[in-house]
Protein chains: 2
Amino acid sequence: MPDATKDVPNLRRQEDGFAWQGVERLAYKQDGDAPFRDVSRQILFSRADLAGELRYFEIGPGGHTTLERHGHVHGVMIVRGRGRCLVGSEVSEIGPLDLITIPGWTWHQFRAAPGEPLGFLCLVDATRDRPVLPTAEELAILRATPEIAAFLDG
Amino acid sequence: MPDATKDVPNLRRQEDGFAWQGVERLAYKQDGDAPFRDVSRQILFSRADLAGELRYFEIGPGGHTTLERHGHVHGVMIVRGRGRCLVGSEVSEIGPLDLITIPGWTWHQFRAAPGEPLGFLCLVDATRDRPVLPTAEELAILRATPEIAAFLDG
């Protein structure tokens, strides 16, 4: 279980924009085989004595997260910019303070608008399974819906 | 374990200000004996399949939460307005996007500035213990520090 913020001070001030004292801007994914574009990850709260974690993800203009699914749930709050998301078979425009729930085993992807970054908080269980990518067959099923195909093509 | 947002739609849009579709503005406390002033509570994410919860609290201008402590940890992000907080024996000015950790069994209170509300997200374990109030003796010990006494007197 990660414990990235256990020994940090009780107050970590915001620095310029969406950055915080002592909070590193990390690579979105550790492994290189999941497709994504221009995404960073900052771990805001992660401690051995907390069952949930809160992270901040930021997608650069026109960028996107990985299309994936997993057993664990995401609770997302948009805090910066605009974009679109796919949750299951629903494509939605999203903007500041909107709340998005990703239930377990639901395909999802976030895409920033062309002209601005998309930043969001993501609540997740500290203990969780790894995401899986769609097979070619699963991707074909998703793409059979024109709205989803258009979303995936950016 | 509460499960207030299990059957809600996957997308809940922000409405005017810090309000969301289908998210009720609740009383801060259910029981009436804990002192506080002008605080509301909104449950943003709380589900049986999520180990953490995310809530939004808003304190009206000049209002304050209860001075209390408990075994569970709080992970707090300020999202609206300015104010001050007490964490243990530290009094700090706080503003937008600042991150505050309340470790277990640490006295804490949030106070909104006189002229504006203070709104914050609070990450907490779904399973948690109940807060306790300071005894007269514990309060006297806290008040022995002039900066804390001035904070508690608003």
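Refer to the preceding data block for the structure.
Residue indices begin from 1 for each chain and proceed along its sequence in written order. To label them, take the chains in the order written and letter them from A, then take the ligands in the order written and number them from 1. Local features in this predicted model are restricted to residues of pLDDT 70 or higher, and side-chain atom pairs are both shown and tallied only at a pLDDT of 80 or more, whereas totals for entire chains, interfaces and linings draw on every residue.

Chemist: Would you take a moment to explain the overall build of chain A for this structure?
Modeler: The helix and strand inventory of chain A stands at two helices and 12 strands. In this text, helices come from DSSP runs of H or I with a minimum length of four residues, and strands from runs of E with a minimum of two, each type numbered from the N-terminal end. When the helices and strands of chain A are listed from N to C terminus, the series reads β-β-β-β-β-β-β-β-β-β-β-β-α-α. Taken against the 2.2 N^0.38 rule, which gives 15 Å for 154 residues, the C-alpha radius of gyration of chain A at 16 Å falls within 12% of a compact globule. Oriented by its inertia axes, the alpha-carbon framework of chain A measures out at about 50 × 35 × 30 Å. Residue burial is a threshold on neighbouring C-beta atoms within 10 Å of the residue's own C-beta, all placed from the backbone, with 20 or more meaning buried, 12 or fewer meaning exposed, and counts in between meaning partly exposed. Each of the 154 residues in chain A was classed as buried or not, and the buried ones make up 32%. Two residues form a contact once the distance between their C-beta atoms, set from the backbone, is within 7 Å. Taking the contacts inside chain A whose residues are at least 6 apart along the sequence as the reference set, 65% of them involve residues at least 24 apart. Radius of gyration: C-alpha atoms only; globule rule: 2.2 Å multiplied by the number of residues to the exponent 0.38.

Chemist: What's the story with the relation of the copies chain A and chain B in this structure? I'm lost.
Modeler: What connects the two chain copies is a rotation about an axis and a shift along it. Mapping chain A onto chain B calls for a rotation angle of 180 degrees and an axial translation of 0.0 Å; the resulting RMSD is 0.0 Å. Taken together, these values place the two copies in the relation of a two-fold axis. It is glycine 52 of chain A whose C-alpha, among those of chain A, lies nearest the rotation axis, at 2.2 Å. Mapped onto chain B, 100% of the interface residues of chain A again fall at the interface, so both copies present the same surface. Copies are brought into register by a least-squares superposition over C-alpha atoms of residues with pLDDT of at least 70 in both.

Chemist: Can you help me understand the interface of chain A and chain B in this one?
Modeler: By a widespread convention, an interface's size corresponds to the accessible area lost as its parts come together. On the chain B side, the residues contacting the 29 residues of chain A number 29 residues. Where the side of chain A that touches chain B is concerned, the elements lending two or more residues are strand E1 (11-12), strand E5 (37-45), strand E6 (52-64), strand E7 (74-80), strand E9 (90-94), strand E10 (99-102) and strand E12 (118-125) of chain A. For the side of chain A that touches chain B, the element with the highest residue contribution is E10 of chain A, accounting for three residues. When E10 of chain A meets strand E1 (residues 11-12) of chain B, the two strands line up antiparallel, connected through two bridges. Directly across from leucine 99 of chain A, in E1 of chain B, lies its bridge partner arginine 12 of chain B. Between any two strands, pairing holds if DSSP finds at least two bridges.

Chemist: What's the story with the pairing of strand E12 (residues 118-125) of chain B in this structure? I'm lost.
Modeler: Put simply, side chains in a regular strand alternate between the two faces of the sheet. Residue and element names in this part refer to chain B. Most of E12 sits out of view: six of its eight residues are buried. Where strand E6 (residues 52-64) meets E12, eight bridges bridge the pair, whose relative direction is antiparallel. Residue pairing in the sheet places leucine 54 in a bridge with leucine 123 of E12. When strand E7 (residues 74-80) meets E12, the two strands line up antiparallel, connected through five bridges.

Chemist: For this particular structure, what's the right way to read the environment of alanine 51 of chain A?
Modeler: Residues and elements named next belong to chain A. Locating alanine 51 in the fold gives a position in the loop between E5 and E6. C-beta crowding within 10 Å serves as the criterion here: with 22 such atoms nearby, alanine 51 is assigned to the buried category. For the pair alanine 51 and glycine 83, spaced 32 residues apart in sequence, the C-alpha to C-alpha distance is 29 Å.

Chemist: Looking at this structure, how should I read the environment of glycine 63 of chain A?
Modeler: Residues and elements named next belong to chain A. In this structure, glycine 63 sits in strand E6. By the C-beta count within 10 Å, which is 21 here, glycine 63 ends up buried. In this structure, the C-alpha to C-alpha distance between glycine 63 and glycine 154, residues 91 residues apart in sequence, is 8.7 Å.

Chemist: Explanation requested: the environment of leucine 44 of chain B in the structure shown.
Modeler: Inspection of the secondary structure puts leucine 44 of chain B in strand E5 (residues 37-45). A residue is classified by how many C-beta atoms lie within 10 Å of it, and leucine 44 of chain B, with 22 of them, is buried. Between the C-alpha atom of leucine 44 of chain B and that of proline 117 of chain B, which follows or precedes it by 73 residues, the distance is 19 Å. Once residues lying within four places of it in the same chain are set aside, the contact partners of leucine 44 of chain B are Met77 and Leu99 of chain A together with Val23, Leu54, Arg55 and Tyr56 of chain B.

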